[in-house]
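Residues per chain are reported as follows:
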Amino acid sequence: MFCTQCGAVITNEQAMFCPQCGSPTKRADSVQPRYDVPEEAPPIEEPHPSYDESTTVLTADQMPYPNMLHQPAGPNMTASDSSAEMGMGAMDRPQGSRQGTLNQRSAAGGGSENNTEILDSPYVMNNTVQPDTGSGTGERKSGALKWILIGGGAFLLVLIVVIGILIAVMLPKAGDKDGELADKDEHEQQEVTPEELDDIIASADTETPVVTEAPKILANELIMDKNVANVMVGGTIVISAAVYPEDVTDSSVTWISDNPEIAEVDANGNVTGRSFGMTTISCKTADGSEITATCSVMVAQTPSEAFVAHLYANCFGRAASGDEIRNWAGYIDDGSVTPGQVAASFCRSDELGGASLSNEDFMKIVYRTYMNREYDQAGLDSWVSLLNEGMSRDDVLEQFANTTEFHNLLINFGLE
C-alpha cells in the first residue's frame, strides 16, 4: 500500500498513518473508532480555519474537543461520507517531540491489536483500547497545577516586595517625631537665622523658675491719728490709720460708723457730720488679723459747740456729753467768756491734773488745745525752759491765746 500524500510504501496493511509523512491512510478513513462524545458538544460545521493543507498533522488549536482529533477531508486525503475521528490520549510530551505510541483500537473481530508507530508528529499519544467496548482510557498530565503554583508564588513574591517597600517608607516617618529633618541630608536641612539660633540657645539655657509663694505677713498693730475728733453738721474731717509692721502683706483697712445718722465714714476715712451728737468711728484690718482701732467723733450744730467738743477731745482726751457741750457753748454764745478763756480754764482744770503735771506734759497739752496739733521739739524745749526759769503757766496760756495759729483755729470753727 502506498501513501497518497508522499507516495511512500506502507508495508503494514493495518497502519492508519504513513510512517514517513504521518498522513492518514485509507484505513484511517474506513476505520471508525468508538468513543464517548459529550452529549452537549456543539457540532462542527466547517473545518478549523487554521487547517494546513500541506500536512495531515493537526496542531493543538485544530483540536475541537479534548482527547479528540478532527480531520477534515483535504486535497491529499481520501474523503469519506463522514469526518474521520479518532480518540487520542493525553500528551506525554510537549510540542516538538516526534516519537509516540499509538494504541489502535481492535479490529472488527473483537480482538485487541496493539501497533506501534513512530510518528513524525508534534504530538505523542498513549491510548489503551479496551476489548469489546472500543472505549479508551488515558492519562493527561495537565499544566494547570503548575501554573497555579507559579502564579501563587509570583503573587506572594509581589506581596512581600510591597510590604517591604511600605515598611521602608513608614519606619523613617515614625522615627522622625521630633522633626522632619532627621533623615534629610545635611545640606537639605532648614536654615536657621542667627537671631533664631540665639533664641533657641537662650530658651535651652533658661530654666523655668520655680515660683514659691512668699509667706503671708499679718498686721500686729493699727494706729489712728485721732482718738477723739469733732466736726460740724455738714462738715467733713479726715481720719487716717497706719498698719504695722511696714512690710505687712495686706495694709488695707475697713471703716465703720456706729451711728451713721450722726456721722458717716467712707472707705478712705472721710467722716461727715449729719446731726448733733456723739458716735464712734471704727477702723479694722482686712488681712484677717482682726485688729481694730476707734475714734470718738462729736458732731456739733453751732461753732461754739464744735469748739467746746474740740477742747474736750484735745485737752481731756475724751468725748463730751451733750450737756457739757451745751453748757460751755452757752457761755461763749452769750459773751460771758471768750474762747481763749474757756481754753485756759480747760488747761488749769483738776480733771487735767493741774499743778501735778510736769512742765513738759503741760506744754504738750497746750499745743494740742490752742494749735490743734502736736508740738515741735524746738518750741517745746523753749517753753519748758521758760517755765523752768520762773515764767507762770497763766502767762504761757495768755501768750498762746494771742498767737496767729490760735486765731486761725477759731476762724476754722467760725468763732472769730
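Refer to the structure printed above.
Given the structure is predicted, the values throughout are model-derived calculations rather than measurements.

Within the secondary structure, serine 282 is located in strand S12 (residues 277–285). Given a relative accessible area of 14%, serine 282 falls into the buried group. Not counting the four nearest positions on each side in its chain, serine 282 is found in contact with Thr254, Trp255, Ile256, Asp258, Thr292, Ala293 and Thr294.

With respect to topology, three strands assemble into an open sheet ordered S7-S11-S10, the strand pairing being antiparallel. A single partner strand is all that each edge strand has here, and the edge strands are strand S7 (236–238) and strand S10 (263–265). Each adjacent strand pair in this sheet contributes to an overall mean axis angle of 25 degrees, direction not counted.

For asparagine 230, the position within the fold is in strand S6 (residues 228–232). A polar contact of 3.0 Å, which involves the side chain of asparagine 230, links it to the backbone oxygen of alanine 306. A distance of 3.4 Å separates a polar side-chain atom of asparagine 230 from the backbone nitrogen of histidine 310. Once residues within four sequence positions are removed from consideration, asparagine 230 is found in contact with Ile237, Met298, Ala306, Ala309, His310 and Phe413.

A separate point is a nonpolar patch on the surface. Together, Phe155, Leu156, Leu159, Ile163 and Ile167 make up a nonpolar patch on the protein surface, roughly 490 Å² of accessible area in all. Along the polypeptide, leucine 159 turns up in helix H2 (residues 144–175).

Looking along the chain, the bond that leaves tyrosine 244 and enters proline 245 is cis, with omega of 5 degrees. Checked against the element boundaries, proline 245 lands in the loop between strand S8 (241–244) and strand S9 (253–257). Notably, glutamate 290 is not glycine yet its phi reads approximately 60 degrees, a positive angle. Looking at the element boundaries, glutamate 290 is found in the loop between S12 and strand S13 (292–300). In this model, asparagine 372 sits at a positive phi of 55 degrees, which is unusual for a non-glycine residue. Along the chain, asparagine 372 turns up in the loop between helix H7 (359–371) and helix H8 (377–389). Residue class for asparagine 372 comes out partly exposed when judged on its relative accessible area of 41%.

For helix H6 (residues 339–348), a buried count of seven out of 10 residues is recorded, marking the element as mostly surrounded by other parts of the structure. Restricting attention to buried positions, one finds in H6 the residues Pro339, Gly340, Val342, Ala343, Ala344, Phe346 and Cys347. Residues of H6 that are buried sit in contact with helix H4 (303–316), helix H5 (322–333), H7, helix H9 (393–401) and helix H10 (404–413).

Quick look at H4 now. Taking 1.5 Å of rise per residue, 14 residues should cover 20 Å, and H4 covers 19 Å from first to last C-alpha, within 8% of that figure. Among the 14 residues in H4, 13 count as buried, and that is most of the element. At the exit of H4 stands glycine 317, carrying a positive phi of roughly 75 degrees.

Counting buried positions over the five residues of S6 gives four, a clear majority of the element. Pairing of S6 with S13 involves five bridges; the strand directions are parallel. Residue pairing for S13: alanine 229 is matched across the bridge by valine 297.

Rules used in this analysis
- Residues numbered from 1 in each chain as written.
- Predicted model: local features only at pLDDT ≥ 70, side-chain atom pairs only at ≥ 80, totals over all residues.
- Heavy atoms only, no water.
- Helix = DSSP H or I, 4+ residues; strand = E, 2+ residues; numbered from the N terminus.
- Buried < 20%, exposed > 50% of the residue type's maximum accessible area, 1.4 Å probe, protein only.
- Contact = heavy atoms within 4.5 Å.
- Pairing = 2+ DSSP bridges.
- Axes fitted to C-alpha atoms, helices over the stretch in contact; angles between N-to-C directions.
- Polar contact = N/O pair within 3.5 Å; in protein donor to acceptor, adjacent residues only side chain to side chain.
- Patch = residues over 30% accessible without salt bridge, like charges linked within 9 Å, V, L, I, M, F, W, Y side chains within 5 Å.
- Areas by Shrake-Rupley, 256 points an atom, 1.4 Å probe, with all protein chains shown as cover.
- Salt bridge = Lys/Arg side-chain N within 4 Å of Asp/Glu carboxyl O.
- Expected span 1.5 Å × (residues − 1).

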